Amino acid sequence: MQHATVKKFSWWLAWQHEREERWLGDLSRQGLHLTRSLPFVSTFALDPSVRFVYRLDYQPDISGQKRFQEYLDMYADAGWEYQCSLNAWHYFRRPWQPGVEPELYTDRASLAQLYTRIQRVLGVVGLANLVIFVANLSNFHRMGELRIPDPFMAVHLVLVCLLGYGFLRLQNRVRALNRGMDQ
Amino acid sequence: MDLLPLTEAFYYILVTLCAGPAHGYAMMQAIESMSGGRVRIGAGTLYTAISTLVSKGLIENAPDLPGADSRRKMYAITPEGRQVLAAEVQRLEELLVNGRRAINMVEG
């Protein structure tokens, strides 16, 4: 049966994936089930007769179709239906059951590893952007072209700060997990 | 050995594979039943744990059994894996002996 589709504007920062999971779960309760995730646009199928819980996984190190299929097969065995991917973020769902909060990560060590994977990519991108920002700053300065405030440089600075902020947020979560405290 | 103490997931994966090669889902089920339903390992935790154990050389990919579902990848414990497991069991035994002695002293 073909269900009507609905598109929604959405954007999330990399360290907010648990909030995105709750958002998807809430929409599923209202009959809107994620089918595709693109930057800023998520597509949903309308079907009020079912309800799912969603979990996101971040796996930047899986290379090759065969290894990716093995990964999906293991999750499918455990009851997780693969929906779609956005970069290295993979979206899984399973039928909702009252009082059950199924998790992909069930111990601190593996949860800390998940956060570290996200943090590592933020760190690399953040550092690369910081280098570009500083290079631009000194170039513009030397050429006398730097207007204060320069809109491009301002946006870039905000981006660099955001990446740095995300990196530190995840750092705190990993530390808390390693100390044996729940976050 | 810097691998000790093992997490429950690592420990039970090694314990399960001592009986013979298995795929991920079989490990999940074996661990749940062995622990009387207490230890339920999530798919992400299992996947991460298997990758880590393979990279540390404690388990390895095993050839598919004839007639088995070749879609599922099989894993086997390595000699290093058995050594680490034995060392962990010894460490846990020491913890248990001392704990029991302390409790008996208080009760006795």
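The rules behind each value
- Residues numbered from 1 in each chain as written.
- Chains lettered and ligands numbered in written order.
- Predicted model: local features only at pLDDT ≥ 70, side-chain atom pairs only at ≥ 80, totals over all residues.
- Pairing = 2+ DSSP bridges.
- Helix = DSSP H or I, 4+ residues; strand = E, 2+ residues; numbered from the N terminus.
- Axes fitted to C-alpha atoms, helices over the stretch in contact; angles between N-to-C directions.
- Core = buried A, V, L, I, M, F, W, Y, C linked by C-beta atoms within 7 Å.
- Buried ≥ 20, exposed ≤ 12 C-beta atoms within 10 Å, placed from the backbone.
- Domains from an automatic or database assignment.
- Contact = placed C-beta atoms within 7 Å.

Re the pairing of strand β3 (residues 74–77) of chain B
Residue and element names in this part refer to chain B.
No. 1: Two strands pair when backbone bridges link them, and strand β1 (residues 22–23) and β3 are joined in this way by two bridges, in the antiparallel orientation. The residue bridging Ala22 from the neighbouring strand is Tyr75, located in β3.
No. 2: One ladder, built from four bridges, connects strand β2 (residues 59–62) with β3; its direction is antiparallel. Within the sheet, the bridge partner assigned to Glu60 lies in β3 and is Ala76.

Points about the sheet that holds strand β2 (residues 32–38) of chain A
All names here are of chain A.
No. 1: Reading across the sheet, the three strands line up as β1-β3-β2 and stay open at both edges, with antiparallel pairing between neighbours. Only two strands of the sheet have a single neighbouring strand rather than two, namely β1 (5–9) and β2. The average undirected angle you get between the axes of adjacent strands in this sheet is 30°.
No. 2: Relative to strand β3 (residues 41–46), β2 is paired through six bridges, and the arrangement is antiparallel. Within β3, the position partnered with Ser37 by the bridge is Ser42.

Some words on the sheet that holds strand β5 (residues 81–86) of chain A
Hydrogen bonds along the backbone pair up the strands of a sheet, which may run parallel or antiparallel.
All names here are of chain A.
No. 1: Read from one edge to the other, the open sheet built from three strands follows the order β4-β6-β5, with strand pairing classed as antiparallel. Among the strands making up the open sheet, the edge pair consists of β4 (52–58) and β5. Strand-to-strand, the axes of this sheet are offset by a mean angle of 25°, without reference to chain direction.
No. 2: Judged from the seven bridges that link them, β4 and strand β6 (residues 89–95) form a sheet pairing that is antiparallel. Across the sheet, the residue bridging to Arg55 is Phe92, located in β6.

Points about the environment of Gln2 of chain A
No. 1: As for its placement among the helices and strands, Gln2 of chain A is situated in the segment before β1.
No. 2: Between the C-alpha atoms of Gln2 of chain A and Leu46 of chain A, which are 44 residues apart in sequence, the distance is 9.4 Å.

Let's talk about unusual backbone geometry
Trans peptide bonds make up most of the peptide bonds, and negative phi angles are found at most residues other than glycine.
No. 1: Note that the residue after Leu4 of chain B, namely Pro5 of chain B, is joined by a cis bond; omega there is -5°.
No. 2: In this structure, Asn87 of chain A takes a positive phi of about 55° despite not being glycine.
No. 3: On the secondary structure map, Asn87 of chain A appears in the loop between β5 and β6.

Let's talk about the nonpolar core
No. 1: Counting residues in each nonpolar core, the largest one holds 54 residues, and the members touching the most others are Phe10, Ile13, Leu14, Ala43 and Leu46 of chain B.
No. 2: With seven residues, helix α1 (residues 8–18) of chain B is the largest single contributor of residues to this core.
No. 3: Shared between two domains, this core holds at least three residues of each, these being domain 1 (5–95) and domain 2 (108–178) of chain A.
No. 4: Among all residues touching Ala43 of chain B, those that are not within four sequence positions of it are Met74, Tyr75, Ala78, Trp80 and Leu104 of chain A.

Without other data, these values stay purely geometric and don't point to any function.
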